[in-house]
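Residue-level structure breakdown
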Amino acid sequence: MPGDTDLFEIMQTMRAMRRLKPDPVPDELIGKILQAGACAPNGGNTQRWRFLVIKDSQIKRAVQVHYKRAFDEVIGPRYLNSAPPPGVSRERYNRQHAAVEYLTNHFHEAPVWIVACLEEGTATPTRGSGASIYPAVQNMLLAARALGLGATLTTRHLLYEKESEAALGLPPGVHSYAILPIGYPMGKFGPVGRGPLADIVYQDRWGNPYRGVKE
Ligand SMILES: Cc1cc2nc3c(=O)[nH]c(=O)nc-3n(C[C@H](O)[C@H](O)[C@H](O)COP(=O)(O)O)c2cc1C
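Residues numbered from 1 in each chain as written. Predicted model: local features only at pLDDT ≥ 70, side-chain atom pairs only at ≥ 80, totals over all residues.

1. Some words on the pairing of strand β2 (residues 112–119)
Applied cut-off: Burial is judged by counting other C-beta atoms within 10 Å of a residue's own C-beta: 20 or more means buried, 12 or fewer means exposed, and anything between counts as partly exposed, with every C-beta placed from the backbone. A run of H or I in DSSP becomes a helix once it reaches four residues, and a run of E becomes a strand once it reaches two; helices and strands are each numbered from the N terminus. We call two strands paired when DSSP finds no fewer than two bridges between them.
For β2, a buried count of seven out of eight residues is recorded, marking the element as mostly surrounded by other parts of the structure. Where strand β1 (residues 49–54) meets β2, six bridges bridge the pair, whose relative direction is antiparallel. Paired with Leu52 across the two strands is Val115, which belongs to β2. Across eight bridges, β2 lies against strand β4 (residues 174–183) in antiparallel orientation.

2. Observations concerning the site of the ligand
This is how it is decided: A residue counts as near a molecule or strand when its C-beta atom, positioned from the backbone, falls within 6 Å of it. The classification used treats Ala, Val, Leu, Ile, Met, Phe, Trp, Tyr, Cys and Pro as nonpolar, Asp, Glu, Lys and Arg as charged, and all other residues, Gly among them, as polar.
As a structural note, the neighbourhood of the ligand is formed by 13 residues, with Arg15, Ala16, Thr154, Arg156 and Val192 the closest of them. Looking at the shell around the ligand, its residues break down into five nonpolar, five polar and three charged.

3. Side note on the environment of Val88
So the rule is basically this: Each residue gets a C-beta atom placed from its backbone, and two residues are in contact if those atoms lie within 7 Å.
Here Val88 shows up in the loop between α3 (57–80) and α4 (90–106). Its 17 C-beta neighbours within 10 Å are what place Val88 among the partly exposed residues. Counting along the chain gives 32 residues from Val88 to Asp56, while the straight-line C-alpha distance between them is 36 Å. With near-sequence residues (within four places) excluded, Val88 lies in contact with Tyr93 and Gly193.

4. Considerations on helix α5 (residues 134–146)
Heads up, the rule is: Given a helix with a known number of residues, its expected span is that number minus one, times 1.5 Å.
Across its 13 residues, α5 extends 18 Å between first and last C-alpha, which sits within 8% of the 18 Å expected from 1.5 Å per residue. When α5 is considered as a whole, its buried residues turn out to be Ala136, Val137, Met140, Leu141, Ala143, Ala144, Arg145 and Ala146. Two residues or fewer past α5, Gly148 is found with a positive phi of approximately 80°.

5. Overview of the sheet that holds strand β3 (residues 150–151)
Keep this limit in mind: In this analysis an axis means a line fitted to C-alpha atoms, helices contributing only their contacting stretch, and an angle means the value between N-to-C directions, from 0 to 180 degrees.
Read from one edge of the open sheet, four strands run β1-β2-β4-β3, paired in antiparallel fashion. Here the strands that pair on one side only, and so sit at the sheet edges, are β1 and β3. In this fold α5 packs onto β1, β2, β3 and β4, with an angle of close to 10° to the strand it touches most, β4.

6. Brief notes about the nonpolar core
Just so we agree on the cut-off: The nonpolar core criterion groups buried Ala, Val, Leu, Ile, Met, Phe, Trp, Tyr and Cys residues into a set whenever they are joined through C-beta atoms within 7 Å.
Counting 36 residues, the largest nonpolar core has Ile114, Ala116, Val137, Met140, Ala144, Leu180 and Ile182 as the members making the most contacts within it. Elements represented by at least two residues in this core include exactly α2 (27–37), α3, β2, α5 and β4. If near-sequence neighbours (up to four positions away) are discounted, Ala116 is found in contact with Trp49, Phe51, Ile133, Ala136, Val137, Ser176, Tyr177 and Ala178.

So, in structure tokens, the structure goes:
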């Protein structure tokens, strides 16, 4: 639904949208998404983020090969052997698995990708590195949702990081942290499936229920 502006509604309905139409997305909207990304907090405001917009189908296809290989070898079998996460029924989990497989096979057909990168030079990426790029990624996902565009945060290409980053043509010292395939969604936005807050929020002492949660 284009033009949604209630932030809480947007967050509650910003599901991973994996089935996308191939219709082109206007550059004006991609520009708004990128602008939202560049508003995000980042360590020391050094803004070492770089965003690679990919429309070239050959480049997308070259990366999709590794994305699919990682599904066939790791992610697919993992889905088959794992229980549904909190707040998600078995039926919904099966639907998610089908959608994940769909995106795997159609990854390169999303009209636009935004590859979120950090220019890190010779510094070795640490656990904290992602903290300076994932807020931008989340801002871009929220912006896409607000504009009625579907997107998914994906990182699976990192299972074949070297091969994928070569296919993306990243220069030395630049690392990718996420690929966001973006397009008009085939389905509808809907509520995310999550477990109750009472199971994950504590007060003062670990395991002690937080009394402020009312669900
Ligand atoms: C770090 C991270 C990596 C992810 N990588 C992928 C991915 O490679 N492919 C994919 O289809 N979804 C990916 N996702 C999306 C999650 O599967 C999704 O957020 C989760 O299943 C919850 O689904 P929902 O947001 O639709 O409720 C990723 C999410 C995160 C946070």
